[in-house]
Amino acid sequence: MVLCQFPLHSNLLHTLFDCLIDSYIKNKVGLAENFLSEPLAAHLKENLIALYSGRHLLPAGIGNDALLVHDNLIRSDKIFWLDPKHNDPHENAFFDLMDHFIRYLNSTCYTGITGYEFHYTLYEKGAFYKKHFDQFRSNKSRAFSMIMYLNTGWQEADGGELCIYHSDHSQMIAPRNGKCVFFKSSELEHEVLQTHQPRLSITGWLKSG
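Participant: How should the pattern of salt bridges be read in this particular structure?
Facilitator: When the charged atoms of two side chains lie near each other, side chains of opposite charge can form a pair. Counted according to the given criterion, the structure contains four salt bridges. The salt bridge involving R142 is made with E117; its shortest N-O contact spans 3.2 Å. Highlighted residues: R142 in strand 6 (residues 142-149) and E117 in strand 4 (residues 115-123), separated in sequence by 25 residues. Salt bridges sharing partners connect three or more residues here, namely E117, R142 and K207.

Here's what the structure looks like:
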């Protein structure tokens, strides 16, 4: 497993992006520590907690469009979609980072990514998301999945690991602050194991077509 770490104030974005891409090429799962800087992660976490306190987060569904359903036996997280229309300075900084990454990804790997969508995600104590693929059967636009975690001081006893199922083994990833996970949306089944503490992240998809 390749896991890269970078100085908190590093401006070598291409080195950071290379780490995520190279580990994805090697293992089908890209991993990079401090993909979100500590200050940005802290601000986004503050936003998420404020939205949760204001009861703006909604139960996440399964499927898309007319096929959307809610089933707490499959997933029990709550979400709020990021949108440039919010004109939040910290969300805008996050969008700038994604724009830089997509330009680099397209120029180096010719992936043809044309857009993205991201939401805040909060798993309350006891929440989970059973095994699934991220790409919809009725819509193939989701090309890559990305998760960036907002959990400081996360311990093994806190649970909430992302479990990714490869053909010959499973991979457990702890949701530690600033870490980014990157993989093909149609390729790997995965699940979020039951969390014993509130579990926060930015979750989304790079889209093509």
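Let us keep going from here.
Participant: What should I look at first to understand the sheet that holds strand 8 (residues 170-173) in this one?
Facilitator: Sheet strands pair by backbone hydrogen bonding; their relative direction is either parallel or antiparallel. The four strands are arranged 5-10-7-8 in an open sheet whose pairing can be described as antiparallel. Edge positions in the sheet fall to strand 5 (129-132) and strand 8, since each has one partner strand and no second. On average, each strand axis in the sheet is inclined to that of its neighbour by 15°, with strand direction left out of account. Here strand 5 pairs with strand 10 (residues 189-192) via two bridges, running antiparallel.

Participant: Just to check I follow, could you spell out the nonpolar core for this structure?
Facilitator: Nonpolar side chains in soluble globular proteins tend to end up buried together. Counting 38 residues, the largest nonpolar core has F35, F94, F101, M146 and L206 as its most contacted members. For this core, the secondary-structure elements that each account for two or more residues are helix 1 (13-27), helix 2 (38-53), helix 3 (89-109), strand 4, strand 6, strand 9 (180-184) and strand 11 (199-207). A total of eight residues in this core trace back to one element, the largest contributor, which is helix 3. Sequence-distant contacts of F101, defined by excluding residues within four places in its chain, comprise F17, L20, I21, F35, M146, F182 and L206. V29, A127, Y149 and F183 belong to the second largest nonpolar core, which has 14 residues in total.

Participant: I tried to follow the environment of F133 on my own but got confused; where do I start?
Facilitator: Tracing the backbone shows F133 in the loop between strand 5 and strand 6. Overall, the relative accessible area of 42% leaves F133 in the partly exposed class. Not counting the four nearest positions on each side in its chain, F133 is found in contact with S185, S186, E187, L188, E189 and H190.

Participant: I'm lost on the packing of helix 1 against helix 3 in this one. Help?
Facilitator: For any two helices packed against each other, the geometry comes down to the angle between their axes and how far apart the axes lie. Direction vectors running N to C along helix 1 and helix 3 enclose 65°, while the axes themselves pass 10 Å from each other. Handedness of the helix 1/helix 3 crossing: right-handed. Contacts between helix 1 and helix 3 pair L13, H14, F17, D18, L20 and I21 from the former with L97, H100, F101, Y104, L105, T108 and C109 from the latter. Each residue belonging to the contact of helix 1 with helix 3 can be placed in one class, and the counts come to nine nonpolar, three polar and one charged.

Calculation notes
Residues numbered from 1 in each chain as written. Predicted model: local features only at pLDDT ≥ 70, side-chain atom pairs only at ≥ 80, totals over all residues. Heavy atoms only, no water. Salt bridge = Lys/Arg side-chain N within 4 Å of Asp/Glu carboxyl O. Helix = DSSP H or I, 4+ residues; strand = E, 2+ residues; numbered from the N terminus. Pairing = 2+ DSSP bridges. Axes fitted to C-alpha atoms, helices over the stretch in contact; angles between N-to-C directions. Core = buried A, V, L, I, M, F, W, Y, C linked by side-chain atoms within 4.5 Å. Buried < 20%, exposed > 50% of the residue type's maximum accessible area, 1.4 Å probe, protein only. Contact = heavy atoms within 4.5 Å. Left-handed = near helix turned anticlockwise from the far one by under 90°. Nonpolar A, V, L, I, M, F, W, Y, C, P; charged D, E, K, R; others polar.

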